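Examination of the molecular architecture
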Amino acid sequence: MLALVAELCLPQDQSQAAPDSPPAQDQSQPAKEQPAQDQPSSTPEAQEPAKQPPAAPQPKPTPPAVPSNQPSVQLDTSETLFAVLTAINVCGYDEELGLSDPLREQIRGEVSQAIQQSEEAKETATAMCQLYEQHRQPDASKTFAQYVSLALYLNGPPALTPKVKEADLPPDAARLTGVPPLIQRFYEKAGLHDIWQRHRQAYSALTARYHEPLSKTVFDTEVYLKFPSAAYLGRQFTVYIDPMGAPGQTNARNYGSDYYVVISPGKGSSLKVEQIRHTYLHYLLDPLALKYPATMKRLEPLLATVKSAPIDESFKSDVSLLITECFIRGIEARLTGSAKTPEAERQQAVDNSMQQGFILTRYFYDALLQFEKDPAGLRNAYADFVGNIDVGKEQRRARQIQFASVADPELLHLSRPTQGKLLITAEQRLSAGDAMSAQKLAQQALDEKSEDQGRALFILAQVATMNRDIQGARSYFQRALEVAQEPKVVAWSHIYLGRIFDLQEDREAALGHYRAALNAGAALPEAKAAAERGIQQAYEPPSHPQ
């Protein structure tokens, strides 16, 4: 029984993966590179890889088999995003209208007509737009960005209510107090759902247009790094397509272990490959930096060398963020253009990054030259990448740089609330495989009652599952259901309880939880699919390969 319970958080395919329920990763010396379908082992201790002579290979637990042909990236549309962006278009958001996909102008016309035909819609639009004017930023891109952040934190229509408490909203979305109720009322009175339904086929056509180039971008990135993202079950990377924004603007967000990119297509068919790849590289590399806290501590003196650089303050205060961004820029420089791209062009990209303050870009660029010749993948090679950084040498190199006056704006916003950091860190530690630290942080949040209690209990349930504690997992999932408000937590708690009861051969109780999950997760495709499978047949954990 205990052997089977360990599989509860490792669904049989990617569509079953629960948001924020990743498998544990081995925190010791990275193992030999595994085939794409293999997952990291489940050792929870977070420790540095020791510099020791090669030892005889030790037997390792066989990881569960997971199909490698499951998509690691979702390309999707969102009625919630449509509702919010359509609302701000009504209120005067006209940025790059002439360059947008024709669908934007068509929808704006239909909404305008609907407003004219309803006095209630007119009154609601007036109140909504007064609030929009109060929150308008001098920079139109920042105005748009705050509404993107808000949309990603709202429940689906018709409710359009925040998924979390106001205090737990990202800072830019938290400024929009009072906006969601007005957007919800406008959605109802202007008949936005009917307009959305009329254009579902056109929205689907937009996603179909970008499916192939997006798949190629992800595939090429994983091939170059020799690092299949199937290792990241339970983490979410979603690209949303919506024509109601400015086509020249791309918004990327990182909420806990979930990553989002919001793109508005223009009249052309080209995809913003560089922006998507940049965020996808964060999705792949961010958890790796968390696995080596002692190494990151050793590298902290490098922060003093970038104090006068024009980069964002977050890079000057968190060495892991600086290391990851430099690594990503080194990879981007290596992937610039095609095989025929002159080396001088790549070197110029490196120099530009160095001058902005990303002082390790050249180190990583040079190290990648050797990596490209080595069969080892990134997961194995990462320890050497960061462990071989010579702090003194890089400090001397940084002192010779004349920093630029401005830096490129960072695409990915770590849109975290000022409060709620315990659970965010707990989720990150869980994603990195450090179950012990995740448990301590979640328990602290639970004891202090300072953060979302349902989410804290859900994390503790995940830890219990990883530790093969079936009774503990069942208790925490049940307690989470008593207080949780976030649909994702509610739906997946029901799903996991359904699986536990299936393993205990209590099919009636299992079906009750799957049906409850289907109701709670109606707007969550992965949860809905997992619940439907649970209703169709009793859960069986994936078998271990012989």
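Residues numbered from 1 in each chain as written. Predicted model: local features only at pLDDT ≥ 70, side-chain atom pairs only at ≥ 80, totals over all residues. Heavy atoms only, no water.

1. Details of the state of the cysteines
Considering all chains together, one arrives at 1 disulfide under this definition. Bridging C91 to C129, the disulfide has an S-S length of 2.1 Å. Its torsion about the S-S bond being -80 degrees, the disulfide of C91 and C129 is classed as left-handed. In this pair, C91 is assigned in the loop between α2 (79-90) and α3 (102-116) and C129 in helix α4 (residues 119-134), connecting sequence segments 38 residues apart. Assigned by exposure class, C91 and C129 land together as buried. (Disulfide = S-S within 2.5 Å. Helix = DSSP H or I, 4+ residues; strand = E, 2+ residues; numbered from the N terminus. Buried < 20%, exposed > 50% of the residue type's maximum accessible area, 1.4 Å probe, protein only.)

2. Description of the packing of α2 against α3
Axis angle and axis distance: for two packed helices, these are the angle between their axes and the distance between the axes, and together they describe the pair. With their axes 10 Å apart at the nearest point, α2 and α3 run at an angle of 75 degrees to one another. Considering the angle they form, α2 stands roughly perpendicular to α3. Between α2 and α3, the residues in contact are F82, T86, N89 and V90 and R104, I107, R108, V111 and I115, respectively. When grouped by side-chain class, the residues that make up the contact of α2 with α3 number 5 nonpolar, 2 polar and 2 charged. (Axes fitted to C-alpha atoms, helices over the stretch in contact; angles between N-to-C directions. Parallel < 35°, antiparallel > 145°, perpendicular 65-115°, else oblique. Contact = heavy atoms within 4.5 Å. Nonpolar A, V, L, I, M, F, W, Y, C, P; charged D, E, K, R; others polar.)

3. Section: the confidence of the model for the chain
Confidence along the chain averages 82 in pLDDT terms, with 82% of residues attaining 70 or more. Every residue in residues 1-71 scores below 50 in pLDDT, and together they form 180 contacts with partners more than four places removed in sequence or on other chains. Of the regions scoring below 50 in pLDDT, residues 415-419 engages in 19 contacts with residues more than four places distant in sequence or in other chains. (pLDDT = per-residue confidence, 0-100.)

4. Description of helix α9 (residues 200-225)
Counted at 1.5 Å a residue, the expected span for α9 with its 26 residues is 38 Å, and the 36 Å between its end C-alpha atoms agrees. Approximately 40 degrees is the largest bend angle found in α9, and it occurs at H211, with the proline P213 only one to four residues beyond. Buried residues of α9: Y203, L206, T207, Y210, L214, T217, V218, T221, E222, Y224 and L225, and no others. (Expected span 1.5 Å × (residues − 1). Bend = angle between axes of the 7 residues up to and from the residue.)

5. Observations concerning the pattern of salt bridges
In total, this model carries 19 salt bridges according to the counting rule given. Of the charged contacts, one joins D94 and R108 as a salt bridge, the two residues approaching to 2.8 Å between their closest N and O atoms. In this pair, D94 is assigned in the loop between α2 and α3 and R108 in helix α3, connecting sequence segments 14 residues apart. What makes D94 partly exposed here is its relative accessible area of 40%. K488 serves as the salt-bridge partner of D258, at 2.7 Å between the closest nitrogen and oxygen. (Salt bridge = Lys/Arg side-chain N within 4 Å of Asp/Glu carboxyl O.)

6. Brief notes about empty space enclosed by the protein
The final tally for this structure, using the stated rule, is 1 cavity of 30 Å³ or more. Looking at the largest cavity, its volume works out to about 60 Å³. As for the largest cavity, its lining consists of A87, I88, C91, M128, L131, Y132, Y147, V179, L182 and I183. For the lining of the largest cavity, the secondary-structure elements that each account for two or more residues are α2, α4 and α7 (179-189). Of the residues that constitute the lining of the largest cavity, the class distribution is 10 nonpolar, no polar and no charged. (1 Å grid on protein atoms, 1.4 Å probe; cavity = no way out; pocket = protein on both sides within 12 Å on 5 of 7 lines; lining within 4 Å. Points joined across faces, edges and corners; volume = space filled by probe spheres on them.)

7. Regarding the packing of aromatic side chains
Summed over all chains, the structure comprises 25 aromatic pairs. Summarising the aromatic geometry, the rings of F371 and F385 are spaced 5.6 Å apart at their centres and angled 55 degrees between planes, so their arrangement reads as tilted. On the criterion of sequence distance, the pair formed by F371 in helix α15 (residues 361-371) and F385 in helix α16 (residues 378-387) is long-range, its members being 14 residues apart. Among the aromatic residues, those joined into a cluster by ring pairs are Y224, Y292, F327, Y363, F364, F371, Y382 and F385. The ring of F371 has K226 lying over it, and the distance from NZ or CZ to the ring centre is 4.0 Å. Taking NZ or CZ as reference, R334 lies 5.0 Å from the ring centre of Y365, over its face. (Phe/Tyr/Trp six-rings, centres within 6.5 Å; stacked < 30°, edge-to-face > 60°. Lys NZ or Arg CZ within 6 Å of the ring centre and 35° of its normal.)

8. Description of unusual backbone geometry
Generally, phi is negative for residues other than glycine and the peptide bonds are trans, each holding for most cases. Cis geometry marks the peptide bond from P157 to P158; its omega dihedral reads 5 degrees. Within the element layout of this structure, P158 appears in the loop between α5 (140-152) and α6 (171-174). A positive phi angle, near 50 degrees, is found at L160, a position not held by glycine. Tracing the backbone through its elements, the reader meets L160 in the loop between α5 and α6. Even without being a glycine, K226 presents a positive backbone phi close to 50 degrees. Tracing the sequence through the fold places K226 in the loop between α9 and β2 (236-241). On the basis of relative accessible area, K226 is assigned to the partly exposed category, the value being 22%.

9. Some details on the pairing of strand β3 (residues 250-255)
The element β3 is extensively covered by neighbouring structure, given that 6 of its 6 residues are classed as buried. Judged by which residues are buried, β3 turns out to be covered on both faces: T250, A252 and N254 on one side and N251, R253 and Y255 on the other are all buried. Summarising the sheet, β3 and strand β4 (residues 258-263) pair through 6 bridges and their orientation is antiparallel. What sits directly across from N254, in β4, is Y259. In this antiparallel pair of consecutive strands, β3 and β4, the connection spans 2 residues, and G256 shows a positive phi of 60 degrees. (Pairing = 2+ DSSP bridges.)

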